[in-house]
Amino acid sequence: MDLLEYQGKQLFARHGVPVPSGAPASTVEQAVAAADEIGYPCVIKAQVLIGGRGKAGGIKVAQDRTEAEEHARAILGMDIRGFTVHEVWVEAASDIASEYYASIVFDRAAKKPLVMLSTQGGMDIEEVADNNPDAIARLHVDPLLGFQDFHARRLAFEAGVDADVVRPVGALLNKLYDAFANEEAMLVEVNPMIVTSDRKVMALDAKVTLDANSLFRHPDNAELRDAGGEDPQEQMAKERGLTYVKLDGNVGILGNGAGLVMSTLDVVAQAGGKPANFLDAGGGSKAEAITQAVEVILSDSKVSAVLFNIFGGITRCDEVAKGLIEAFDQIKPTVPFVVRLDGTNDEEGRRLLAEADLPNVHAEATMLGAAKRVVELAGESASGGGEPEGETVPPGEGTETEMGAADTRAEAASAAVTSPPGEAG
Amino acid sequence: MAILVDEGTKLCVSGITGREGTFHAMNNRRYGTQVVSGVTPGKGGQDVEGVPVFNTFHDAVAETGANTAMIFVPPRFAADSILEAEDAGIALVIAITEGIPAHDELRVYNHLLGNPGCRLIGPNCPGILSPGKANVGIIPASFFKEGNVGVVSRSGTLTYQIGNELAQSGFGNSSIVGIGGDPVPGSSFIDIIELFEADDETELIVMAGEIGGSAEEEAADFIEEHVSKPVVAYIAGFTAPPGKTMGHAGAIVSGTKGTAAAKAEALEAKGVRVGRTPTEVAEIAAGLAGELVRSADR
């Protein structure tokens, strides 16, 4: 889970990491009040979960109240690379003598935290790593030992920080590690870590990513989810305890098991389709879980066909079929569904579905067959158009629709249906 | 021969009194696994369908000689249970639990480095099945029979899908090992492939990977240096966008690292054939098995 800059700074402050003083604001009035309180010059900073804020005009220095108001007005509500600015952070301006870089990363390959320090701060660290790798001092910490003073010294001397700030830089790293370990972060990045002209060391920026699996034991952090940045579908899915990721296409995907769902996305793409989402329904065959999952998928209006890919291990296919039949009875979907049931009691499951003879539901036995079928149907359904969800519609594909919608959907359909030379069977 | 679990496995289930724990422990026992005990603090002295429950792993091991543990408790208790099992002298810990905090896994992994006598499989894995011998975990055993193909995978149902395709092509399995989908697994592809390489029953190895991390790339290097048996791979997640976790905590592409394409390339560069669909994996395996038979005839 990514944190906004000011949330990261507040987290840092809890662990004694020096940060400039500041206050959040979500309206112009609040921003101006904060600026008055903090004093001038101050900086108005857009709070969004994406980089490049400065370039987009989302970080501006205010010399006085008039400028504070002007900047706040311009920045609040602005779009930065697809993200809307709902909040700003008003911060005391710092006088910067040097810009350093510090970060702690959960290094999966080494299975240890990796601490990095460089005097080449304030720029893209990937560029520094490419052009001047020796400029980045790095070491791994044994998580059972923790960050020791000698680690700090080693990094500081290796990075070549100014002699008079070796101690405070080390102290900051120590507290950063504290934050990383105690808040269970996957990443903590300070770029830049500044040295002021009166030789103080501070975190001028904060990029923090927390482990989502740890939130149950950090209720304060759990509340920090940036609801403003979420897709409506992802929000809906989260509320229902489903694992859902929105993608760009028109073929809705649902499966049981993350690896199987990823594989389904791949096979559909190979068949020339464009997946609309990833959705792992887990091991449930209950009607309610299926209904909720289907609702989430269909609430994305771009979806023109859905593939349901189930491999039943402990989960029984006849139970899934029953769940589906109940779900479809409630929802009455208007886009075609391809259901592929394999595994335990698969024949019985397919038989039940055939008997139920649900409109818009097509059964397939193999994953490849199902992928090809759903891509075909997505194409036809897209050019035929769909009715808004909830209204009854004549069964089958190719129903007529408004001309305007048909044009754009037909484009999408032909793009989806043009298959690259794919798998032979 | 199979690897890791077999007729000699004596299983103790942490969380045996929970609904899932009971269900799967009984399934495993019905299959033929020796389920000798369970651990639920506070329920020592009870039994689950005849399987004695103990308060601690230490008691369970002392009384029943358990050598393998299956961890089936919720995330907030799981790391502690793994460490308790290790402390009690369990040699093989299989952690089924999904959702364990990454920092817990980091600590457990680093602690276990100091004890080569204890191996951890998982967390967030379906367990290990050695057809005809033993099943520890939630893998649906009825689809699989004994044979010469070893399977190692990061996923659950995708493993069954691939395994089923192999079974339909007439293959049996020595062992099917789920190493799990978390960022810090107790055992890697390399650890398991090494065991398959040394196992007489295994003649062909299938590995199923996915986006995130570098385990497949590292395995590719290992295979080139140390593995003589043929290896076929499958990688899920070619269509996954960067920055989004795809279900498994470990399945996330960071920047350009951990993509499916990079993994497939790394493997193919070291002579591992990579199937583009689960069906293709079975087809490649069939081709390789044919070669094995032909070379055995000479």
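Structure: see above.
**Some words on the interface of chain B and chain A**
As a measure of interface size, the accessible area lost when the parts come together is often cited. Contacts between the two partners involve 57 residues from chain B and, on the opposite side, 48 residues from chain A. Here chain B and chain A share an interface that buries about 4000 Å² over both sides, 63% of which is from carbon and sulfur atoms. Linking chain B with chain A are one salt bridge. Of the charged contacts in the structure, one is a salt bridge between Asp104 of chain B and Arg217 of chain A, with a shortest N-O distance of 2.8 Å. Summed over the shared surface of chain B and chain A, the number is 13 residue pairs in polar contact (both at pLDDT 80 or more). If you list the elements that add at least two residues to the side of chain B that touches chain A, you get helix H1 (19-31), helix H4 (102-112), helix H5 (157-168), strand E13 (231-236) and helix H9 (278-297) of chain B.

**Side note on the pattern of salt bridges**
Residue and element names in this part refer to chain A. In this structure the tally under the stated criterion is 32 salt bridges over all chains. Of the charged contacts in the structure, one is a salt bridge between Arg65 and Asp36, with a shortest N-O distance of 2.6 Å. Remark: Asp36 occurs in helix H2 (residues 28-38) and Arg65 occurs in helix H3 (residues 65-75); sequence separation between them is 29 residues. Linking Glu69 and Arg73 is a salt bridge whose minimum nitrogen-to-oxygen distance equals 2.8 Å. Here the residue Glu69 and the residue Arg73 both occupy positions in helix H3, the gap between them amounting to four residues, near one helical turn. Overlapping salt bridges, with partners in common, bring together Glu5, Lys9, Lys45, Arg53, Glu91 and Asp205 in one network.

**Describing the nonpolar core**
Counting residues in hydrophobic clusters, the biggest one holds 98 residues, and the most contacted among them are Ile94, Leu166, Ile193, Val206, Met207 and Met246 of chain B. Ranked by residue count, the leading element in this core is helix H13 (residues 367-384) of chain A, at eight residues. Leaving out residues up to four positions away in the same chain, Ile193 of chain B has contacts with Val152, Ile205, Met207, Phe222, Ile223 and Val227 of chain B. Grouped together as the second largest cluster of nonpolar side chains are 43 residues, Val17, Phe106, Leu155 and Ala159 of chain A included.

**Description of a negative patch on the surface**
Residue and element names in this part refer to chain A. Among the surface-exposed residues, Asp124, Glu126, Glu127 and Asp130 lie close enough to one another that they form a single negatively charged patch. With respect to the secondary-structure elements, Asp130 resides in helix H4 (residues 125-131). Taking relative accessible area as the criterion, Asp130 reaches 64% and is therefore assigned exposed.

**Looking at the side chain of Asn221 of chain A**
Mapping Asn221 of chain A onto the fold places it in helix H7 (residues 219-222). Asn221 of chain A gets classed as buried once you look at its relative accessible area, which sits at 1%.

**Description of the sheet that holds strand E6 (residues 87-92) of chain A**
All names here are of chain A. The four strands lie next to each other as E1-E6-E2-E3, forming an open sheet whose pairing is antiparallel. Of all the strands in the sheet, the pair left with one neighbour each is strand E1 (22-25) and strand E3 (59-62). Sheet twist, expressed as the mean angle between neighbouring strand axes with direction ignored, is 20°. Bridge count between strand E2 (residues 42-47) and E6: six bridges; the pairing is antiparallel. Along E6, the bridge assignment pairs Lys45 with Trp89. Across the sheet, helix H1 (residues 5-14) is in contact with E1, E2 and E6; its angle to E6 comes to roughly 50°. Each of E2, E3 and E6 touches H3; the most contacted strand, E3, lies at about 165° to it.

**Observations concerning helix H9 (residues 258-270) of chain A**
Residue and element names in this part refer to chain A. Over its 13 residues, H9 extends 18 Å from the first C-alpha to the last, a length consistent with the 18 Å expected when each residue adds 1.5 Å. Of all the 13 residues making up H9, 11 are buried; the element is thus mostly covered by neighbouring parts of the structure. Taken together, the buried positions of H9 are Ala258, Gly259, Leu260, Val261, Met262, Ser263, Thr264, Leu265, Asp266, Val267 and Val268. The positive-phi residue at the C-terminal boundary of H9 is Gly272, with phi of around 95°.

**Looking at the environment of Ile235 of chain B**
Secondary-structure assignment places Ile235 of chain B in strand E13. With relative accessibility at 1%, the residue Ile235 of chain B sits in the buried group. For the pair formed by Ile235 of chain B and Met207 of chain B, sequence separation is 28 residues and the distance between their alpha carbons is 8.5 Å. Setting aside chain neighbours within four positions, we find Ile235 of chain B in contact with Asp266 of chain A together with Gly209, Glu210, Glu216, Ala260, Lys263, Ala264, Leu267 and Val274 of chain B.

The rules we used
Residues numbered from 1 in each chain as written. Chains lettered and ligands numbered in written order. Predicted model: local features only at pLDDT ≥ 70, side-chain atom pairs only at ≥ 80, totals over all residues. Heavy atoms only, no water. Contact = heavy atoms within 4.5 Å. Buried area = accessible area lost by both parts, 1.4 Å probe. Salt bridge = Lys/Arg side-chain N within 4 Å of Asp/Glu carboxyl O. Polar contact = N/O pair within 3.5 Å; in protein donor to acceptor, adjacent residues only side chain to side chain. Helix = DSSP H or I, 4+ residues; strand = E, 2+ residues; numbered from the N terminus. Core = buried A, V, L, I, M, F, W, Y, C linked by side-chain atoms within 4.5 Å. Buried < 20%, exposed > 50% of the residue type's maximum accessible area, 1.4 Å probe, protein only. Patch = residues over 30% accessible without salt bridge, like charges linked within 9 Å, V, L, I, M, F, W, Y side chains within 5 Å. Areas by Shrake-Rupley, 256 points an atom, 1.4 Å probe, with all protein chains shown as cover. Lys, Arg positive; Asp, Glu negative; His and termini not counted. Charge placed at Lys NZ, Arg CZ, Asp CG, Glu CD. Pairing = 2+ DSSP bridges. Axes fitted to C-alpha atoms, helices over the stretch in contact; angles between N-to-C directions. Expected span 1.5 Å × (residues − 1).

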